[in-house]
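Spelled out from the first residue to the last, the chains are:
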2 protein chains.
Amino acid sequence: MNGAESLINTLVANGVDLCFTNPGTSEMHFVAALDEVPGMRCVLGLFEGVVSGAADGYARMAGKPAATLLHLGPGLGNALANVHNARKGHVPMLNIIGDHATTHRQFDAPLSSDIAGIAGPVSHWVHTCERPEHIAEDAAEAVRRAAAGQVATLILPADVSWGDSPGGAGPVVARPGSAPVPAERLQKALGMLRAGKRTGIMLGGRDVSGEQTLLASRIARATGARVFTDTFPTRVRRGAGTGRVERLPYLAEFALDALKGLEQLILVGAASPVSFFAYPDLPGRLAPEGCDELVLAQPGEDIEQALERLLELLDAVNVSPDVYPLELPELPSGELDANSVAQSLAHYLPENAIVVDEGITGGMACFPMTACAQPHDWLNQTGGAIGWGLPAAVGAALACPDRRVICLEGDGSAMYTLQALWTMAREHLDITVVIFNNRRYGILELEFQRTGARGGTPGPKAASSLNIGSPDMDFVDMARGMGVSASTVATIDEFKQALEQALAAPGPRLIDVLL
Amino acid sequence: MNGAESLINTLVANGVDLCFTNPGTSEMHFVAALDEVPGMRCVLGLFEGVVSGAADGYARMAGKPAATLLHLGPGLGNALANVHNARKGHVPMLNIIGDHATTHRQFDAPLSSDIAGIAGPVSHWVHTCERPEHIAEDAAEAVRRAAAGQVATLILPADVSWGDSPGGAGPVVARPGSAPVPAERLQKALGMLRAGKRTGIMLGGRDVSGEQTLLASRIARATGARVFTDTFPTRVRRGAGTGRVERLPYLAEFALDALKGLEQLILVGAASPVSFFAYPDLPGRLAPEGCDELVLAQPGEDIEQALERLLELLDAVNVSPDVYPLELPELPSGELDANSVAQSLAHYLPENAIVVDEGITGGMACFPMTACAQPHDWLNQTGGAIGWGLPAAVGAALACPDRRVICLEGDGSAMYTLQALWTMAREHLDITVVIFNNRRYGILELEFQRTGARGGTPGPKAASSLNIGSPDMDFVDMARGMGVSASTVATIDEFKQALEQALAAPGPRLIDVLL
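Attention here is on the structure that accompanies the text. (Residues numbered from 1 in each chain as written. Chains lettered and ligands numbered in written order. Predicted model: local features only at pLDDT ≥ 70, side-chain atom pairs only at ≥ 80, totals over all residues.)

**Let's talk about the environment of Val51 of chain B**
Residues and elements named next belong to chain B. Rule in force here: Each helix is a run of H or I in the DSSP string that is no shorter than four residues. Each strand is a run of E no shorter than two, and both are numbered from the N terminus. Each residue is classified by how many other C-beta atoms fall within 10 Å of its C-beta atom, where C-beta atoms are placed from the backbone; a count of 20 or more means buried, 12 or fewer means exposed, and values in between mean partly exposed. This entry defines residue contacts through backbone-placed C-beta atoms, with two residues in contact when those atoms are within 7 Å.
In this fold, Val51 is placed in helix α3 (residues 48-62). A residue is classified by how many C-beta atoms lie within 10 Å of it, and Val51, with 36 of them, is buried. Val51 sits 340 residues away from Pro391 along the chain, and the two C-alpha atoms are 7.1 Å apart. The contacts of Val51, once residues within four sequence positions are left out, are Phe20, Thr21, Asn22, Gly45, Thr68, Leu70 and Ala79.

Set out below in structure tokens:
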């Protein structure tokens, strides 16, 4: 058995049985080993940003990591933005980066680079396996790290892949259960909730489950606290039957307003809320000055158990939650715009759908509009690096082949990793892509104003830099070129029809919405 | 004047008057300043890999750096592969990376990352400007570094952009001339050339000019030496009227054969030849064991002057070079294949064209076939990170608006940065893109054999990972979707016609060659 076979054996033994890849020469022994070791599925992306984004979407929905297989420093570079997003979202990620053979390092060949150096800033753990007989142990450690919500990056020199590794599969790693929240923190939270002050509970972290929203809502009703989620929770259960929560607004101005008056903030998986960007005249921290913050639970801890315990401590186990009813909006008529698109989406959203949201400005209305839709999961862009949505939809669909995935995409962000469409077609994934095609970087027009640059009004050169409508892009042509059926819609009736059909059809469909 | 205005003033004063960008919120004051400071042209890419690749192609042809403007760590990550290629090719590159305001660093906002950490492995110089009053000096230093053939990366926090910077434009940097080659190295080379041993002269580095090929050829004729270029010189002048040189083959097996028997190797801008990748049974160094190597000139040194001087020392100023004649091949008939495509290209290649070569396996015949074509420049992929060709063509066309650019692209590599087509259309660039569409990663099929993995024969999973023909991609659809006229050709007559028309038409054209 060679090192590559030992590696794949170890991964499969530990439940990592899907590998997203775009391989190169230094990974050929790994690729060869896919046919020697049973149990590993391999999904090809045409660009590494697709690979890492798909691994992110998969891990969010599967609750366990996939592997990525990447080609040296440049392959990692191409993947980096979506590795960053995964890291910020506490998403399990296991990267395997092929490197030159250890004997080849001395030559500074064209593809030589400091892979560990590039990986460091976006990984919790980076390790280079130096010998084939170590690969099983190293792979098991990588799985352990990734399963704990970390980005684990294992560098695999070519001669470690092709060298003899008699060990076979490495140890099976015990999956770490979530750690319980310490009692003293529960007592502190209890004290805060009983203090009679204006209190917020903010849910966040890797997975805001429906149960979490219900428990938090019951605590809120028992104590008068308000319940929030952070702006971009990694995964959140929503729709009919989930507990009522407020989402912290993206715009710092509105977020400050939402948190105004709070005297206490209990963070449950969420981080202390801060502004996405700095602005000349706005504070970075969003909670009011003097607001007392408690970190009740970190993302890796057992949040449901902590909330249950808190409810008991509050003597409030009989308090019922404030639950979103099933309340589908009427199908809209009139203009095709962000609101009518959102309304149609809320109407048609299938039960248990997965919504991957990178709709940016054009898609902003979809989140509030779907609060009382059929129950569903919503995945957010956690690190601010665009080009995440289409790949994440690929991964989510592979994790949940029996569920419908709807990907909301801005035109600008879609163009970052449009190659994901090809993988959707190749793997026949049931994904409906909605492109909010407004032919501009709408978010940047807004941000230009907010930064106050040039009095908030772009001159001609700046305006041109924010305008991607010259030339206009035709997403139907581009999708077809990659094997995905697509249609352009210019009226709300066309959109409703296209959406209904797409959600009923097998395989991927793209709807190019001309806003 | 704010920091951003001071920065742009300094760049323009130093001749850096083109900026490739995909900006974000942290760069809005820079974008705003484009309208306040005259003289800076700004070209938008839909993805940062386009931005850095275009800056590379521009610098190779303009002989001076452009600036890139990138959005935080993820934007740099997206650009990284082509920054790597530029670094390996000794190409001047000046990256400006926007960062959060210095006051915002403490908050670990979603887009916070260790930008300097990511930049380090692909940059010769990384510097964070901490105060707006320093930006002019810092920018001048970045220009000085880049102009010397380095990758200079300047990190620009948002508050340095928007803060007051009374200094205005920074100092104008004297462009460093190429350093002369020291006399003792010339004497050593002279000794080697007179030693009666089998000697090779290998040209390489940033720019193998026509004059260099002629001088090297004269030295070779005077001494019996052989003249090579390295496998992928950054830029090389070729075709009728240039001096005869052998290109070192890509495949290590053939390269070993080409250098076999050499007792001495004089490196002129080129590095000591090494195998692109390691293979279980091949050496890494390509020159024969015991071959005496001399570095006559580094990439930044005055190579033409050194070769002239050597010719004088050899008393050979009257020796004439071995020159490629103008010898256009007949237009081919018969099958559409790599050879007939190459033959048509050699026939039609316009005088003074720029060929950007990322044709990988499908385009391999084009280089030898064009040896006696009209004189032209040939740009190679210097770092092995695919996704360079289309962006580099953008930059080359902007540097030389009066010349024709032909971009040879593999289907697999084209899909890495296909967004470059949109910038070609937006800027109306005279680029002819030839896609060698063989629906597979042909180079990896070859490399799989060469590594000997699984006896050299891929199993079904491996074969699937190297096959990008399921689904087939239609480059005509994708190009049209980005505003570029395109046609598919399935016969050699269709190709000849499409190529002739494309080379005569204004603006970009894409030809999808079904091999």
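Past the structure itself, the notes keep going.
**Brief notes about the sheet that holds strand β1 (residues 18-21) of chain B**
All names here are of chain B. Where we set the bar: By the convention used here, strands pair only if DSSP detects at least 2 bridges between them. An axis is simply a line fitted to the C-alpha atoms; with a helix, the fit covers only the stretch in contact. Between two such axes, the angle follows the N-to-C directions and lies from 0 to 180 degrees.
Taken in spatial order, the 6 strands line up as β2-β1-β3-β4-β6-β5 in an open sheet, and their pairing is parallel. Edge positions in the sheet fall to β2 (41-44) and β5 (125-128), since each has one partner strand and no second. The sheet shows a mean angle of 20 degrees between the axes of neighbouring strands, direction not considered. Examined bridge by bridge, β5 and strand β6 (residues 151-157) share 4 bridges and lie parallel to one another. Paired with Thr128 across the strands is Ile155, a residue of β6.

**Examining the packing of helix α1 (residues 3-13) of chain B against helix α6 (residues 135-147) of chain B**
In a packed pair of helices, the relevant descriptors are the angle between the two axes and the axis-to-axis distance. Residues and elements named next belong to chain B. Convention followed: In this scheme the handedness of a crossing depends on how the near helix is turned from the far one: anticlockwise by less than a right angle means left-handed, clockwise means right-handed. Side-chain classes are defined by residue name, with Ala, Val, Leu, Ile, Met, Phe, Trp, Tyr, Cys and Pro counting as nonpolar, Asp, Glu, Lys and Arg as charged, and the others, Gly among them, as polar.
α6 packs onto α1 with a crossing angle of 35 degrees between their chain directions and a minimal axis gap of 9 Å. Handedness of the α1/α6 crossing: right-handed. Contacts between α1 and α6 involve Gly3, Ser6, Leu7, Thr10 and Leu11 from the former and Ile135, Ala136, Ala139, Ala140 and Val143 from the latter. Of the residues contributing to the contact of α1 with α6, the split by class is 7 nonpolar, 3 polar and no charged.

**Observations concerning the sheet that holds strand β2 (residues 41-44) of chain A**
Residues and elements named next belong to chain A. The 6 strands lie next to each other as β2-β1-β3-β4-β6-β5, forming an open sheet whose pairing is parallel. Across the chains shown, the open sheet's two edge strands, defined by having one partner strand only, are β2 and β5 (125-128). Averaged over neighbouring strand pairs, the angle between their axes works out to 20 degrees when direction is ignored. One ladder, built from 7 bridges, connects strand β4 (residues 93-99) with strand β6 (residues 151-157); its direction is parallel. Looking at β6, one finds that Ile96 is bridged to Leu154.

**Focus: the relation of the copies chain A and chain B**
Which entries qualify depends on this criterion: Copy-to-copy alignment: least squares on C-alpha atoms, limited to residues at pLDDT 70 or above in both.
You can overlay chain A on chain B at an RMSD of 0.0 Å; the transform is a turn of 180 degrees with a shift of 0.0 Å along its axis. Considering both components of the superposition, the chain copies are consistent with a two-fold axis. Of the C-alpha atoms belonging to chain A, the one lying closest to the rotation axis is found on Met478 of chain A, 2.1 Å away. Counting the interface residues of chain A, we find that 100% of their copies in chain B are interface residues as well, pointing to one common contact surface.

**Focus: helix α18 (residues 442-451) of chain A**
Of all the residues in α18 of chain A, the buried ones are Gly442, Ile443, Leu444, Glu447, Phe448 and Thr451 of chain A. Where α18 of chain A is buried, its residues touch α13 (360-363) and α19 (460-465) of chain A together with α2 (28-33) of chain B. Gly452 of chain A sits one or two positions beyond α18 of chain A and adopts a positive phi of about 75 degrees.

**A few points about the interface of chain A and chain B**
Across the boundary between the two partners, chain A contributes 81 residues, which contact 82 residues of chain B. Each residue belonging to the side of chain A that touches chain B can be placed in one class, and the counts come to 43 nonpolar, 27 polar and 11 charged.

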